[in-house]
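Chains, contacts and geometry: an overview
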Amino acid sequence: MRLDADELARLISEGEGKQLEFKRGLPGDAKVARTLCAFANTRGGLLLIGVGDRGEVVGAPRPRESMTRLRAVAAERLEPPLAVELGAVLVGERRIVWCSVPLSPLRPHASLGDADERELVVRVGASNRRASGGTLRSIRAQRAGAAELDQLERRILRWIQSVGAPATVAAFAHAHNVGLQRARRAFTRLELAGRLVAHGAGVRRLYAVP
């Protein structure tokens, strides 16, 4: 996926939420792992490094090092390992590092603490919480994707495979003359069932077949 300065500024103006978290700098690996884990287990999300809690753009310290650490945490501090997308964008005169986490088809993931303790974490509002038994059952049921695909869902999967690159809901709706809300609901069902993975947020959210 690609994020430009305008899109990042728009997201920052909306404030933290279920799919967006700000950090002035990169915290310890255990805390980073909890956030990545929570996003992957819930609806995916975007972690921005170099942004204060109130949306002030302060710039990420050592952007390249931050991206290297984020990739390592996703691979080494989550069970099973998680693939994330990373980038750095100049907003004004400050560089922001972004880390896009998909709703993972391999969920539930566990984060590993500093003493190698495992914790299953989900996103609740703008915070990360330990998953309860009922929440875990829901995650596993979503991942199973037992329901038969309907005609529209099958069309979406065939189209994304034919495009050969991540695509947006709006692009599919335009190409197939389908209402945007109807298409968005079908994409969401496929994502929750683990048939699609997505990165990003809002109208620029990109979907691909895992």
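Okay, so let's go over this structure. No experiment lies behind these values; they were computed from the predicted model shown.

This part takes up the overall build of the protein. Regarding its fold elements, the protein presents seven helices and eleven strands. Taking 2.2 N^0.38 as the reference for a compact globule, 210 residues should give roughly 17 Å; the C-alpha atoms of the protein span a radius of gyration of 17 Å, in line with that estimate. Overall size of the protein, expressed as C-alpha extent along the three principal axes, is 45 × 40 × 25 Å. Considering only contacts within the protein whose residues lie at least 6 apart along the sequence, 67% involve residues at least 24 apart. Accessible area of the protein: about 10400 Å², with a carbon and sulfur share of 49%. Counting 34 positive and 22 negative side-chain charges, the protein places the centres of these two groups 5 Å from one another.

This paragraph deals with the packing of helix H5 (residues 151–163) against helix H6 (residues 169–176). Interhelical geometry of H5 versus H6 gives an angle of 105° and a closest axis separation of 11 Å. The orientation of H5 with respect to H6, classified from their angle, is roughly perpendicular. In contact with Leu152, Arg155, Ile156 and Trp159 of H5, H6 contributes Ala171, Phe172, Ala175 and His176. In terms of residue class, the contact of H5 with H6 is built from six nonpolar, one polar and one charged.

Turning our eyes to something else, we now look at the pairing of strand S5 (residues 94–101). The element S5 is largely enclosed, with a buried count of six among its eight residues. Sheet topology places strand S2 (residues 45–49) next to S5; five bridges connect them, and they run antiparallel. Note that in S5 the partner of Leu48 across the bridge is Trp98. Relative to S5, strand S4 (residues 85–91) is paired through seven bridges, and the arrangement is antiparallel. What sits directly across from Leu90, in S5, is Arg95. Count of turn residues in the S4/S5 antiparallel hairpin: two residues, of which Gly92 carries a positive phi of about 65°.

Ranked by size, the top nonpolar core spans 23 residues in total, and within it Leu36, Leu70, Leu82, Cys99 and Val101 carry the most contacts. Looking at this core, the elements with two or more residues in it are helix H2 (29–41), S2, helix H3 (63–76) and S5. Ranked by residue count, the leading element in this core is H2, at seven residues. In this structure, Val101 is in contact with Leu36, Phe39, Ala40, Gly44, Gly45, Leu82, Val84, Ala198 and His199, ignoring residues within four places of it in sequence. Membership of the second largest hydrophobic core comes to 18 residues, among which are Leu149, Val169, Ala198 and Tyr207.

Each value, and the rule that gives it
Residues numbered from 1 in each chain as written. Predicted model: local features only at pLDDT ≥ 70, side-chain atom pairs only at ≥ 80, totals over all residues. Heavy atoms only, no water. Helix = DSSP H or I, 4+ residues; strand = E, 2+ residues; numbered from the N terminus. Rg over C-alpha atoms; globule rule 2.2 N^0.38 Å. Contact = heavy atoms within 4.5 Å. Areas by Shrake-Rupley, 256 points an atom, 1.4 Å probe, with all protein chains shown as cover. Lys, Arg positive; Asp, Glu negative; His and termini not counted. Charge placed at Lys NZ, Arg CZ, Asp CG, Glu CD. Axes fitted to C-alpha atoms, helices over the stretch in contact; angles between N-to-C directions. Parallel < 35°, antiparallel > 145°, perpendicular 65-115°, else oblique. Nonpolar A, V, L, I, M, F, W, Y, C, P; charged D, E, K, R; others polar. Buried < 20%, exposed > 50% of the residue type's maximum accessible area, 1.4 Å probe, protein only. Pairing = 2+ DSSP bridges. Core = buried A, V, L, I, M, F, W, Y, C linked by side-chain atoms within 4.5 Å.

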